[in-house]
Amino acid sequence: MKSTGIIAEFNPFHNGHLYHLEETRKLTGSDFLIAVMSGDFTQRGFPAVYRKYMRTRSALLSGADLVIEMPVFGTLAAAADFADCGVSLLSASGIADFLSFGSECGDLAMLKEQSARAQEETAGQSDLIKKALRTGISWPKARAMAYEGSGGLSSSPNDILGMEYLRALNKYHAPMTPVTVKRTDPGYHSDKRSGSFASAFAIRQALEKKDEGFLSDVLPEAHFSALKEEGCPEIRISDFDFLYNYRLYSMSPDELFHTAGMPEALARRIDNSRLCFDSAKNRIQTLKSRQDTYTKVSRCLANAALGITKEDQENFKALQSAPWIRILGFRRQAAPLLAELKKRAQVPVVTKTADAKNLLSEKALRLFEKNLQASELYRMACEQKTGRPMKNEYTRSLIIL
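In this text, all values refer to a predicted model and were calculated from it rather than measured experimentally.

What to know about the environment of Leu 27
Then comes step 1: Within the secondary structure layout, Leu 27 lies in helix H1 (residues 15-28).
Then comes step 2: The class of Leu 27 is exposed, set by a relative accessible area of 52%.
Then comes step 3: Along the primary structure Leu 27 and Thr 293 are separated by 266 residues, whereas in three dimensions their C-alpha atoms are 37 Å apart.
Then comes step 4: Among all residues touching Leu 27, those that are not within four sequence positions of it are Thr 180 and Val 181.

In C-alpha coordinates, the structure reads:
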(Lines give C-alpha, C1' and ligand atoms only; values in the text may rest on other atoms or scores of the structure.)
Protein backbone atom coordinates (compact mmCIF):
# COMPACT_ATOMS: atom_id res chain seq x y z
CA MET A 1 0.00 0.00 0.00
CA LYS A 2 1.59 3.27 -1.18
CA SER A 3 0.43 6.76 -0.28
CA THR A 4 1.42 10.26 -1.39
CA GLY A 5 1.03 13.49 0.53
CA ILE A 6 0.15 16.80 -1.12
CA ILE A 7 0.29 20.12 0.76
CA ALA A 8 -2.18 22.63 -0.66
CA GLU A 9 -4.72 25.36 -0.08
CA PHE A 10 -7.24 24.50 -2.83
CA ASN A 11 -8.34 28.13 -2.73
CA PRO A 12 -10.46 27.17 -4.60
CA PHE A 13 -9.95 23.65 -5.99
CA HIS A 14 -9.44 24.03 -9.77
CA ASN A 15 -8.40 22.08 -12.86
CA GLY A 16 -4.72 22.58 -12.06
CA HIS A 17 -5.21 20.83 -8.73
CA LEU A 18 -7.13 18.04 -10.47
CA TYR A 19 -4.24 17.64 -12.92
CA HIS A 20 -1.77 17.56 -10.01
CA LEU A 21 -3.69 14.76 -8.30
CA GLU A 22 -3.97 12.73 -11.50
CA GLU A 23 -0.29 13.17 -12.45
CA THR A 24 0.82 12.38 -8.90
CA ARG A 25 -1.02 9.08 -8.96
CA LYS A 26 0.62 8.24 -12.31
CA LEU A 27 4.13 9.26 -11.17
CA THR A 28 4.05 7.44 -7.85
CA GLY A 29 1.68 4.55 -8.50
CA SER A 30 0.08 5.39 -5.16
CA ASP A 31 -3.04 3.68 -3.90
CA PHE A 32 -4.00 6.72 -1.82
CA LEU A 33 -3.55 10.50 -1.97
CA ILE A 34 -3.43 12.48 1.29
CA ALA A 35 -4.07 16.23 1.18
CA VAL A 36 -2.82 18.48 3.97
CA MET A 37 -5.00 21.52 3.35
CA SER A 38 -5.07 25.00 4.87
CA GLY A 39 -8.08 25.57 7.08
CA ASP A 40 -10.14 28.76 6.83
CA PHE A 41 -7.19 31.17 6.47
CA THR A 42 -4.44 31.09 3.88
CA GLN A 43 -0.72 31.65 3.58
CA ARG A 44 -1.14 35.01 1.86
CA GLY A 45 -2.94 36.30 4.99
CA PHE A 46 -6.49 36.34 3.62
CA PRO A 47 -9.50 34.23 4.57
CA ALA A 48 -10.05 31.34 2.17
CA VAL A 49 -12.62 32.10 -0.51
CA TYR A 50 -14.68 29.07 0.61
CA ARG A 51 -15.02 27.32 3.95
CA LYS A 52 -12.65 24.41 4.57
CA TYR A 53 -15.45 21.83 4.46
CA MET A 54 -16.52 22.87 0.97
CA ARG A 55 -12.90 22.69 -0.27
CA THR A 56 -12.49 19.31 1.43
CA ARG A 57 -15.50 17.98 -0.43
CA SER A 58 -14.14 19.33 -3.74
CA ALA A 59 -10.82 17.56 -3.16
CA LEU A 60 -12.42 14.25 -2.20
CA LEU A 61 -14.74 14.33 -5.21
CA SER A 62 -11.68 14.98 -7.40
CA GLY A 63 -9.53 12.06 -6.27
CA ALA A 64 -8.04 12.85 -2.86
CA ASP A 65 -8.62 10.01 -0.38
CA LEU A 66 -7.97 11.78 2.91
CA VAL A 67 -7.94 15.49 3.84
CA ILE A 68 -6.09 16.70 6.94
CA GLU A 69 -6.37 20.28 8.19
CA MET A 70 -3.26 22.42 8.43
CA PRO A 71 -3.66 24.53 11.62
CA VAL A 72 -3.86 28.31 11.34
CA PHE A 73 -0.39 28.61 12.95
CA GLY A 74 1.06 26.92 9.87
CA THR A 75 -1.06 28.69 7.29
CA LEU A 76 -0.67 32.28 8.52
CA ALA A 77 3.11 32.09 8.35
CA ALA A 78 6.00 32.55 5.92
CA ALA A 79 6.85 29.88 3.33
CA ALA A 80 9.41 28.09 5.52
CA ASP A 81 6.96 27.68 8.43
CA PHE A 82 4.14 26.68 6.06
CA ALA A 83 6.39 23.99 4.58
CA ASP A 84 7.55 22.84 8.03
CA CYS A 85 3.96 22.37 9.17
CA GLY A 86 2.83 20.44 6.10
CA VAL A 87 5.84 18.16 5.99
CA SER A 88 5.80 17.58 9.75
CA LEU A 89 2.11 16.61 9.69
CA LEU A 90 2.69 14.10 6.88
CA SER A 91 5.79 12.74 8.59
CA ALA A 92 3.92 12.39 11.92
CA SER A 93 1.11 10.53 10.17
CA GLY A 94 3.47 7.65 9.42
CA ILE A 95 1.55 6.75 6.25
CA ALA A 96 3.02 8.96 3.49
CA ASP A 97 5.59 7.37 1.18
CA PHE A 98 5.91 10.31 -1.22
CA LEU A 99 5.55 14.09 -1.12
CA SER A 100 4.26 15.63 -4.34
CA PHE A 101 4.33 19.36 -5.03
CA GLY A 102 3.82 21.63 -8.00
CA SER A 103 6.63 23.77 -9.41
CA GLU A 104 7.17 26.19 -12.25
CA CYS A 105 10.33 24.43 -13.43
CA GLY A 106 9.21 20.81 -13.04
CA ASP A 107 12.86 19.82 -12.44
CA LEU A 108 13.34 18.01 -9.10
CA ALA A 109 17.14 17.70 -9.47
CA MET A 110 17.48 21.45 -9.98
CA LEU A 111 15.24 22.21 -7.01
CA LYS A 112 17.26 19.87 -4.79
CA GLU A 113 20.47 21.59 -5.86
CA GLN A 114 19.01 25.04 -5.27
CA SER A 115 17.54 24.03 -1.92
CA ALA A 116 20.95 22.83 -0.74
CA ARG A 117 22.57 26.02 -2.03
CA ALA A 118 20.03 28.19 -0.22
CA GLN A 119 20.93 26.52 3.10
CA GLU A 120 24.53 27.67 2.69
CA GLU A 121 23.91 31.40 2.49
CA THR A 122 27.11 33.40 3.01
CA ALA A 123 27.46 36.64 4.95
CA GLY A 124 28.05 38.43 1.66
CA GLN A 125 24.85 37.06 0.16
CA SER A 126 22.89 38.03 3.28
CA ASP A 127 24.18 41.60 2.95
CA LEU A 128 23.22 41.73 -0.73
CA ILE A 129 19.70 40.53 0.12
CA LYS A 130 19.32 43.18 2.84
CA LYS A 131 20.53 45.95 0.52
CA ALA A 132 18.14 44.85 -2.23
CA LEU A 133 15.22 44.71 0.20
CA ARG A 134 15.91 48.29 1.30
CA THR A 135 15.43 49.42 -2.31
CA GLY A 136 11.95 47.91 -2.42
CA ILE A 137 12.78 44.69 -4.29
CA SER A 138 10.75 41.67 -3.13
CA TRP A 139 12.49 39.03 -1.03
CA PRO A 140 12.32 36.27 -3.72
CA LYS A 141 13.91 38.56 -6.33
CA ALA A 142 16.45 39.93 -3.83
CA ARG A 143 17.56 36.42 -2.92
CA ALA A 144 17.74 35.36 -6.57
CA MET A 145 19.93 38.39 -7.34
CA ALA A 146 22.25 37.62 -4.41
CA TYR A 147 22.83 34.09 -5.73
CA GLU A 148 23.40 35.05 -9.39
CA GLY A 149 27.14 34.57 -9.12
CA SER A 150 26.94 31.13 -7.49
CA GLY A 151 24.56 29.17 -9.67
CA GLY A 152 21.37 31.15 -9.10
CA LEU A 153 18.09 30.52 -7.31
CA SER A 154 14.58 30.57 -8.73
CA SER A 155 12.34 33.45 -7.70
CA SER A 156 9.16 31.69 -8.85
CA PRO A 157 6.70 31.23 -5.95
CA ASN A 158 6.10 27.49 -6.29
CA ASP A 159 9.74 26.73 -6.98
CA ILE A 160 10.60 28.57 -3.74
CA LEU A 161 7.95 26.61 -1.84
CA GLY A 162 9.29 23.40 -3.40
CA MET A 163 12.76 24.22 -2.10
CA GLU A 164 11.27 24.78 1.35
CA TYR A 165 9.54 21.38 1.20
CA LEU A 166 12.86 19.73 0.35
CA ARG A 167 14.57 21.54 3.24
CA ALA A 168 11.77 20.49 5.62
CA LEU A 169 12.06 16.84 4.51
CA ASN A 170 15.70 16.92 5.65
CA LYS A 171 14.89 18.85 8.83
CA TYR A 172 12.36 16.26 10.03
CA HIS A 173 14.22 13.27 8.55
CA ALA A 174 10.91 12.52 6.86
CA PRO A 175 10.85 9.11 5.10
CA MET A 176 9.09 10.52 2.01
CA THR A 177 10.38 10.53 -1.55
CA PRO A 178 9.79 13.94 -3.20
CA VAL A 179 8.26 14.25 -6.67
CA THR A 180 7.29 17.41 -8.53
CA VAL A 181 4.63 18.12 -11.12
CA LYS A 182 5.16 21.01 -13.53
CA ARG A 183 2.43 23.63 -13.26
CA THR A 184 0.21 24.05 -16.28
CA ASP A 185 -1.32 27.50 -15.65
CA PRO A 186 0.09 30.76 -17.10
CA GLY A 187 1.72 31.76 -13.80
CA TYR A 188 1.14 32.22 -10.07
CA HIS A 189 0.03 35.87 -10.34
CA SER A 190 -1.33 35.72 -13.89
CA ASP A 191 -4.95 36.70 -14.51
CA LYS A 192 -4.98 34.82 -17.83
CA ARG A 193 -5.89 31.23 -18.58
CA SER A 194 -4.28 28.55 -20.70
CA GLY A 195 -6.98 26.28 -22.08
CA SER A 196 -8.78 24.83 -19.06
CA PHE A 197 -6.05 25.95 -16.63
CA ALA A 198 -5.76 29.19 -14.66
CA SER A 199 -4.09 30.25 -11.43
CA ALA A 200 -6.06 30.45 -8.20
CA PHE A 201 -5.42 34.22 -8.35
CA ALA A 202 -7.16 34.49 -11.72
CA ILE A 203 -10.01 32.29 -10.52
CA ARG A 204 -10.59 34.38 -7.39
CA GLN A 205 -10.72 37.47 -9.62
CA ALA A 206 -13.25 35.75 -11.88
CA LEU A 207 -15.33 34.80 -8.83
CA GLU A 208 -15.41 38.43 -7.76
CA LYS A 209 -16.44 39.53 -11.26
CA LYS A 210 -18.93 36.64 -11.53
CA ASP A 211 -17.36 35.63 -14.84
CA GLU A 212 -19.27 32.36 -15.20
CA GLY A 213 -17.82 31.55 -18.64
CA PHE A 214 -14.26 31.74 -17.32
CA LEU A 215 -15.14 29.75 -14.20
CA SER A 216 -16.90 26.96 -16.09
CA ASP A 217 -13.75 26.46 -18.18
CA VAL A 218 -11.23 26.29 -15.33
CA LEU A 219 -13.13 24.68 -12.44
CA PRO A 220 -13.93 20.94 -12.35
CA GLU A 221 -17.44 19.62 -11.96
CA ALA A 222 -16.50 18.59 -8.42
CA HIS A 223 -16.27 22.27 -7.44
CA PHE A 224 -19.84 23.00 -8.49
CA SER A 225 -21.15 19.78 -6.91
CA ALA A 226 -19.44 20.58 -3.61
CA LEU A 227 -20.68 24.17 -3.69
CA LYS A 228 -24.26 23.00 -4.19
CA GLU A 229 -23.98 20.42 -1.40
CA GLU A 230 -22.34 22.73 1.14
CA GLY A 231 -24.24 25.94 0.36
CA CYS A 232 -21.11 27.91 1.20
CA PRO A 233 -20.84 31.66 0.43
CA GLU A 234 -17.78 33.30 -1.11
CA ILE A 235 -15.83 35.07 1.61
CA ARG A 236 -13.66 38.16 1.08
CA ILE A 237 -11.33 39.97 3.44
CA SER A 238 -13.88 42.80 3.38
CA ASP A 239 -16.19 40.51 5.36
CA PHE A 240 -13.74 40.95 8.25
CA ASP A 241 -13.39 44.76 8.04
CA PHE A 242 -15.26 45.37 11.31
CA LEU A 243 -13.26 42.71 13.17
CA TYR A 244 -9.95 44.11 11.91
CA ASN A 245 -10.88 47.69 12.83
CA TYR A 246 -12.12 46.69 16.28
CA ARG A 247 -9.14 44.48 17.12
CA LEU A 248 -6.50 46.96 15.93
CA TYR A 249 -8.26 49.80 17.76
CA SER A 250 -8.52 47.89 21.05
CA MET A 251 -5.07 46.23 21.14
CA SER A 252 -2.36 47.78 23.31
CA PRO A 253 1.09 48.50 21.80
CA ASP A 254 2.45 45.54 23.76
CA GLU A 255 -0.24 43.21 22.37
CA LEU A 256 0.53 44.39 18.85
CA PHE A 257 4.26 43.79 19.30
CA HIS A 258 3.62 40.27 20.61
CA THR A 259 1.40 39.34 17.66
CA ALA A 260 2.80 36.43 15.61
CA GLY A 261 5.16 37.57 12.86
CA MET A 262 4.83 41.25 13.81
CA PRO A 263 7.96 43.44 13.34
CA GLU A 264 8.35 46.25 15.88
CA ALA A 265 8.25 48.98 13.23
CA LEU A 266 4.98 47.64 11.80
CA ALA A 267 3.47 47.41 15.29
CA ARG A 268 4.29 51.10 15.81
CA ARG A 269 2.71 52.09 12.48
CA ILE A 270 -0.45 50.17 13.38
CA ASP A 271 -0.58 51.77 16.82
CA ASN A 272 -0.23 55.24 15.28
CA SER A 273 -3.12 54.54 12.91
CA ARG A 274 -5.49 52.87 15.37
CA LEU A 275 -8.09 55.67 15.01
CA CYS A 276 -8.08 55.48 11.21
CA PHE A 277 -10.87 53.00 10.49
CA ASP A 278 -10.65 51.64 6.97
CA SER A 279 -11.17 48.52 4.89
CA ALA A 280 -8.70 45.73 5.58
CA LYS A 281 -7.39 45.95 2.01
CA ASN A 282 -6.75 49.68 2.23
CA ARG A 283 -5.16 49.29 5.64
CA ILE A 284 -2.72 46.66 4.33
CA GLN A 285 -1.86 48.89 1.36
CA THR A 286 -1.22 51.85 3.66
CA LEU A 287 0.91 49.89 6.14
CA LYS A 288 3.16 48.03 3.70
CA SER A 289 6.72 49.28 3.26
CA ARG A 290 9.98 48.30 1.61
CA GLN A 291 10.76 46.03 4.53
CA ASP A 292 7.22 44.78 5.14
CA THR A 293 5.57 43.45 1.99
CA TYR A 294 1.83 43.40 1.30
CA THR A 295 1.65 39.69 2.09
CA LYS A 296 3.66 40.03 5.30
CA VAL A 297 1.45 42.88 6.53
CA SER A 298 -1.64 40.88 5.55
CA ARG A 299 -0.50 37.91 7.66
CA CYS A 300 0.36 40.13 10.62
CA LEU A 301 -3.06 41.82 10.56
CA ALA A 302 -4.80 38.45 10.30
CA ASN A 303 -2.81 37.14 13.26
CA ALA A 304 -3.72 40.27 15.22
CA ALA A 305 -7.41 39.93 14.37
CA LEU A 306 -7.40 36.26 15.40
CA GLY A 307 -5.37 36.84 18.56
CA ILE A 308 -2.44 34.65 17.49
CA THR A 309 0.70 35.59 19.42
CA LYS A 310 4.42 35.02 19.09
CA GLU A 311 4.14 32.73 22.11
CA ASP A 312 1.51 30.67 20.26
CA GLN A 313 3.87 30.31 17.30
CA GLU A 314 6.77 29.36 19.57
CA ASN A 315 4.66 26.73 21.34
CA PHE A 316 3.47 25.39 17.98
CA LYS A 317 7.05 25.05 16.73
CA ALA A 318 8.11 23.46 20.02
CA LEU A 319 5.56 20.74 19.19
CA GLN A 320 7.27 20.19 15.82
CA SER A 321 4.52 22.19 14.04
CA ALA A 322 2.32 19.09 14.26
CA PRO A 323 0.66 18.85 17.71
CA TRP A 324 -2.26 16.83 16.29
CA ILE A 325 -3.67 15.44 13.06
CA ARG A 326 -7.22 16.61 12.47
CA ILE A 327 -9.17 14.80 9.77
CA LEU A 328 -11.65 16.88 7.78
CA GLY A 329 -12.86 14.13 5.46
CA PHE A 330 -12.08 10.88 3.66
CA ARG A 331 -13.36 8.47 1.04
CA ARG A 332 -14.83 5.18 2.26
CA GLN A 333 -12.40 3.29 0.06
CA ALA A 334 -9.59 4.77 2.19
CA ALA A 335 -10.57 2.67 5.22
CA PRO A 336 -7.27 0.70 5.07
CA LEU A 337 -5.36 4.00 5.06
CA LEU A 338 -7.22 5.24 8.14
CA ALA A 339 -6.50 1.97 9.93
CA GLU A 340 -2.79 2.43 9.24
CA LEU A 341 -2.95 6.07 10.35
CA LYS A 342 -4.35 5.05 13.73
CA LYS A 343 -1.58 2.49 14.13
CA ARG A 344 1.34 4.60 12.97
CA ALA A 345 0.54 8.22 13.88
CA GLN A 346 3.10 9.80 16.21
CA VAL A 347 0.65 12.47 17.43
CA PRO A 348 -3.04 12.31 18.45
CA VAL A 349 -5.50 11.88 15.59
CA VAL A 350 -8.63 14.01 16.07
CA THR A 351 -11.77 12.90 14.25
CA LYS A 352 -14.28 14.32 16.74
CA THR A 353 -13.65 17.83 18.05
CA ALA A 354 -15.02 17.15 21.52
CA ASP A 355 -12.46 14.36 22.02
CA ALA A 356 -9.51 16.74 21.75
CA LYS A 357 -9.56 17.58 25.46
CA ASN A 358 -8.89 13.92 26.28
CA LEU A 359 -6.25 13.44 23.58
CA LEU A 360 -4.06 16.53 23.72
CA SER A 361 -1.57 17.91 26.21
CA GLU A 362 -2.45 21.16 27.97
CA LYS A 363 -0.23 23.22 25.66
CA ALA A 364 -1.51 21.51 22.51
CA LEU A 365 -5.13 21.88 23.66
CA ARG A 366 -4.74 25.66 24.05
CA LEU A 367 -3.49 25.84 20.48
CA PHE A 368 -6.26 23.55 19.26
CA GLU A 369 -8.91 25.77 20.86
CA LYS A 370 -7.38 28.89 19.29
CA ASN A 371 -7.46 27.14 15.92
CA LEU A 372 -11.17 26.40 16.49
CA GLN A 373 -11.75 30.03 17.40
CA ALA A 374 -10.32 31.15 14.05
CA SER A 375 -12.71 28.80 12.24
CA GLU A 376 -15.66 30.04 14.29
CA LEU A 377 -14.89 33.64 13.34
CA TYR A 378 -14.87 32.52 9.71
CA ARG A 379 -18.23 30.78 10.28
CA MET A 380 -19.58 34.00 11.77
CA ALA A 381 -18.64 35.84 8.57
CA CYS A 382 -20.42 33.13 6.54
CA GLU A 383 -23.58 33.36 8.62
CA GLN A 384 -23.65 37.15 8.49
CA LYS A 385 -23.31 37.02 4.71
CA THR A 386 -26.05 34.45 4.13
CA GLY A 387 -28.35 35.00 7.10
CA ARG A 388 -28.37 31.22 7.59
CA PRO A 389 -27.00 29.26 10.57
CA MET A 390 -24.18 26.80 9.92
CA LYS A 391 -22.93 23.93 12.05
CA ASN A 392 -20.10 24.89 14.38
CA GLU A 393 -16.78 23.15 14.90
CA TYR A 394 -18.29 20.85 17.55
CA THR A 395 -21.43 19.83 15.67
CA ARG A 396 -19.94 19.64 12.19
CA SER A 397 -19.16 16.03 11.25
CA LEU A 398 -16.47 14.66 8.96
CA ILE A 399 -17.11 14.57 5.25
CA ILE A 400 -17.29 10.91 4.19
CA LEU A 401 -17.84 10.00 0.54
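As for the state of the cysteines
Then comes step 1: For the structure on display, the rule yields zero disulfides.
Then comes step 2: Left unpaired, Cys 85 is separated from the closest cysteine sulfur, that of Cys 300, by 18 Å.
Then comes step 3: Accessibility expressed as a relative area gives 0% for Cys 85, which makes it buried.
Then comes step 4: Cys 276 carries a free sulfur, and the closest cysteine sulfur to it, the one in Cys 300, is 19 Å from it.

Re the packing of helix H15 (residues 280-287) against helix H16 (residues 294-306)
Then comes step 1: For the pair H15 and H16, the least separation of the axes is 9 Å and the interaxial angle reads 125°. The orientation of H15 with respect to H16, classified from their angle, is oblique. The element H15 and its partner H16 pack so that their crossing is right-handed. Where H15 abuts H16, its residues Lys 281, Arg 283, Ile 284, Gln 285 and Leu 287 lie against Tyr 294, Val 297, Ser 298 and Leu 301.
Then comes step 2: A per-class count over the contact of H15 with H16 returns five nonpolar, two polar and two charged.

Things to note about the side chain of Ser 321
Then comes step 1: Inspection of the secondary structure assignment puts Ser 321 in the loop between helix H17 (310-318) and strand E8 (325-330).
Then comes step 2: The contacts of Ser 321, once residues within four sequence positions are left out, are Asp 84, Cys 85, Ser 88, Leu 89, Tyr 172 and Phe 316.

Some remarks on the pairing of strand E1 (residues 3-8)
Then comes step 1: In terms of residue burial, E1 counts as a mostly covered element, since six of its six residues are buried.
Then comes step 2: Covered by surrounding structure in E1 are Ser 3, Gly 5 and Ile 7 together with Thr 4, Ile 6 and Ala 8, the residues of both alternating faces.
Then comes step 3: Note that E1 and strand E2 (residues 32-38) share six bridges and pair parallel. Bridging from a neighbouring strand, Ile 6 pairs with Ala 35 of E2.
Then comes step 4: Crossover E1 to E2 through H1 is right-handed.
Then comes step 5: Direction of pairing for E1 relative to strand E4 (residues 98-103): parallel, over a ladder of three bridges. The residue of E4 that forms the bridge with Ile 6 is Ser 100.

Basis of the calculations
Residues numbered from 1 in each chain as written. Predicted model: local features only at pLDDT ≥ 70, side-chain atom pairs only at ≥ 80, totals over all residues. Heavy atoms only, no water. Helix = DSSP H or I, 4+ residues; strand = E, 2+ residues; numbered from the N terminus. Buried < 20%, exposed > 50% of the residue type's maximum accessible area, 1.4 Å probe, protein only. Contact = heavy atoms within 4.5 Å. Disulfide = S-S within 2.5 Å. Axes fitted to C-alpha atoms, helices over the stretch in contact; angles between N-to-C directions. Parallel < 35°, antiparallel > 145°, perpendicular 65-115°, else oblique. Left-handed = near helix turned anticlockwise from the far one by under 90°. Nonpolar A, V, L, I, M, F, W, Y, C, P; charged D, E, K, R; others polar. Pairing = 2+ DSSP bridges. Right-handed = clockwise from strand over helix to strand, strands pointing away.

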